[in-house]
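Breakdown of the fold
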Amino acid sequence: MSHQAQSPQPGRRPGAHAAEPAPETAVESVPSSHEESWAANKYMTDDRPIAADTAAPGCRKRDPILIASNVTRTYGGINAVDVEHVEIPRNKITALIGPNGAGKTTLFNLLTGFDTPQSGEWRFEDRDLAGVSAYKVARLGMVRTFQLTKVMGKLTVLENMRLGANEQPGEALRRALFRPLWKKRENEITEQADALLAKFKLDTKRSDYAASLSGGQRKLLEMARALMVNPKLVMLDEPMAGVNPALTQSLLDHIKNLKAEGMTVLFVEHDMHMVRHIADWVIVMAEGKVVAEGPPGEVMKDQAVIDAYLGAHHDVDLGDSEGFEKLEAVLEKDPESDIQGGESLAPVIIEERKDTA
Amino acid sequence: MDFGNILLGAVNEFFTPTTAAYALAALGLAVHFGYTGLLNFGQAGFMAIGAYGFAIPTLSFNAPLPVALLIAMLASVAFAVILGLPTLRLRADYLAIVTIAAAEIVRYIVTTNGLTEVTGSANGLAAFEGGFYSLNPFAPGVYNLGPFSLNERDLWIRVVAWTVVALACVVIWLLVRSPWGRVVKGIREDENAVRSLGKNVYAYKMQALIIGGMLGSLAGIIFTLPRGAVQPANYGTELTFFLYTALLLGGMSTVLGPVIGAMIFWAVLSLTQGLLYGAIESGAITFLNTTQAGQLRYILVGVALMLLMIFRPQGVLGNKKELSFA
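The sections below set out a description of the structure shown in this document. (Residues numbered from 1 in each chain as written. Chains lettered and ligands numbered in written order. Predicted model: local features only at pLDDT ≥ 70, side-chain atom pairs only at ≥ 80, totals over all residues.)

As for the overall build of chain A
When helices and strands are counted, chain A shows 16 helices and ten strands. Buried positions account for 43% of the 357 residues belonging to chain A. Long-range pairs, those at least 24 residues apart, make up 66% of the contacts in chain A between residues at least 6 apart in sequence. (Helix = DSSP H or I, 4+ residues; strand = E, 2+ residues; numbered from the N terminus. Buried ≥ 20, exposed ≤ 12 C-beta atoms within 10 Å, placed from the backbone. Contact = placed C-beta atoms within 7 Å.)

Set out below in structure tokens:
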């Protein structure tokens, strides 16, 4: 997502609150219709500590929903995932961040049964998931979305939604031929789907082919469809990738709403703004391992995370000229940066971007 | 050239039992490919399994018609399961390779000399249709249906064949508009997405493979009954491709498309044959003999298919909108 784009919502850009101490305050800058209902919600107001002891990579949680230990997956000698221990807190929004190739999506695949680890054990709500196939994992209430959005293009939006519903007797071959056996459940499913579509502002697209939706709308449809399963844990793989800035806010609200409704959310995301904005807990992966964990405010200050992922100047907003001047000022003091040296391209690039900003 | 007769001959093709068999087998392919996305290139194998599964019990141990039918269907299910078990977990193209090979294996097995007593080897089997015709309720005689006159055997097989086609169409139509059909169509679009929603994709693919395969085997029986013989040469790979032609002609994700497609396929073959032979006999075409003309008409069918794919890719009955996102 380009931060240079003119955002219709001031205060939504990373720089607007980069200077603010705690990420929670960012919420206040955005007027939201959900604020009031959230204020009285037990899941939203629960501020008991998430970790059982101090926050550290692999720390125990007070109330974990998903626990994985010693999960490894190698691809031809490369350790894609080598997680010693990780716990996902229940009824919280957990962000999984890390550089490209850190193994985030692979971990998703392993946990949801789409790939099999070489070793390790992982439990969802105290149920051992080793060797459990992907569709059974989904039925247990652990539903995922995909980084490359998967919608059924040649089915209508409504059919996509209905497909997500469970306990439809008509999906069994022996009952499929007899409409009276599944008509009632079909009506319930359609009602549920329509309600969700309205929530995600897709109700006008109801009878269009899903292939006709834009990239952002497909992300929304995929998320809404996952909710049709009535999941306990929703795992979103880069929900913001390719979504236009105008849609991001509603998507963020949707994700927070999942928590308000008692679901647990685990998401992979590269958009640090989103992570600060909605995550209760952040897990950082690098080279297949969990390298840091903690509340977003603290994790982002962690030197290891900054070095591995965020970059030294992650809190500078390059969306306006003010940001560039700040960056220049910071770079001058930075011993590693060679802003005066003639060989460095940095000043040139900064000047160029200052003009376009 | 008698254009009237040529045209009548083409119209007659609409209702032959062979057209019905093609329609049924192509409907099976619609379940496989059009709805579930399974690229089955071995439908000829399923037809052969049906034909031999029916003929062998009848001839070997005098099985009555229902038993022979049951054995044929069970053999078809077994064949589908054997094909599906190793391949349905793999990507779609592997199924295509395996099915094309499996169909050839079936054909080679029944051609083996060592099995001549059972399968008749290259000569095939004959005289197994007695049980079917003994059920014929129509009195012997000539029946005039409009311009066509049929004997009681022709009439009986046509009535049965097209009744089976109609029933199969109704069943498949009910299936594809049910939630089962929705899951299967979802698998065609993206099976991992369907899996992530808690559906046992493997089981659905297996069910679809079995249903389409059984339709293929039924078609194989209907194909052999009017001939009174089953010959391995009839079940070569080209049969599968003719079926795909019929399927694509009609529209692959439709129920009636395969039926219409099979009718058009045979009518066009008959029409081109009539016209070419007529032109050769009247001396209008001198550079072809009738054998070459017989082959030329398949070339013309190929050209027709190409034109159709270019100008009406969704087939006769298909939904254009579905293709605009392909």
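Still more ground to cover, so stick around.
Overview of helix H9 (residues 179–189) of chain B
The element H9 of chain B is extensively covered by neighbouring structure, given that ten of its eleven residues are classed as buried. Of the residues making up H9 of chain B, those classed as buried are Pro179, Trp180, Gly181, Arg182, Val183, Val184, Lys185, Gly186, Ile187 and Arg188 of chain B.

A few points about the sheet that holds strand E4 (residues 119–124) of chain A
Strand pairs in the sheet, formed through backbone hydrogen bonds, run parallel or antiparallel to each other. Residue and element names in this part refer to chain A. The strand order across the open sheet formed by four strands is E2-E1-E4-E5, and the pairing between neighbours is antiparallel. Each having just a single partner strand, strand E2 (78–89) and strand E5 (127–128) make up the two edges of the open sheet. Of the pairings in the sheet, the one linking strand E1 (residues 64–75) to E2 comprises ten bridges and is antiparallel in character. Across the sheet, the residue bridging to Thr72 is Asp82, located in E2. (Pairing = 2+ DSSP bridges.)

Quick notes on the sheet that holds strand E9 (residues 281–286) of chain A
Residues and elements named next belong to chain A. Spatially, six strands are ordered E6-E7-E8-E3-E9-E10 in an open sheet, and the strand pairing comes out mixed. Among the strands making up the open sheet, the edge pair consists of strand E6 (142–144) and strand E10 (289–294). The mean angle between the axes of side-by-side strands here comes to 20°, regardless of whether they run parallel or antiparallel. (Axes fitted to C-alpha atoms, helices over the stretch in contact; angles between N-to-C directions.)

Some thoughts on helix H11 (residues 201–224) of chain B
The α-helix advances 3.6 residues per turn, and as a result positions three or four apart in sequence lie on the same side. With 24 residues, H11 of chain B extends 35 Å from end C-alpha to end C-alpha; this agrees with the ideal 34 Å at 1.5 Å per step. Burial analysis of H11 of chain B places 21 of its 24 residues in the buried class, which makes it a mostly covered element. (Expected span 1.5 Å × (residues − 1).)

Section: the environment of Leu125 of chain B
All names here are of chain B. Checked against the element boundaries, Leu125 lands in strand E1 (residues 125–126). Here the alpha-carbon distance between Leu125 and Ala96, two residues 29 residues apart in the chain, equals 29 Å. Other than its neighbours up to four places away in sequence, Leu125 contacts Ala55, Leu59, Thr119, Gly120, Ala229 and Val230.

Observations regarding the nonpolar core
Membership of the largest hydrophobic core comes to 174 residues, with the highest contact counts inside it found for Leu24 and Ala26 of chain B. Of the domains in this structure, domain 1 (34–151 + 230–299) and domain 2 (153–212) of chain A are the two that each give at least three residues to this core. When sequence neighbours within four positions are dropped, the list of residues in contact with Ala26 of chain B reads Leu243, Ala246, Leu247, Pro258, Gly261 and Ala262 of chain B. (Core = buried A, V, L, I, M, F, W, Y, C linked by C-beta atoms within 7 Å. Domains from an automatic or database assignment.)

Remember, this is a structural readout, not a statement about activity or role.
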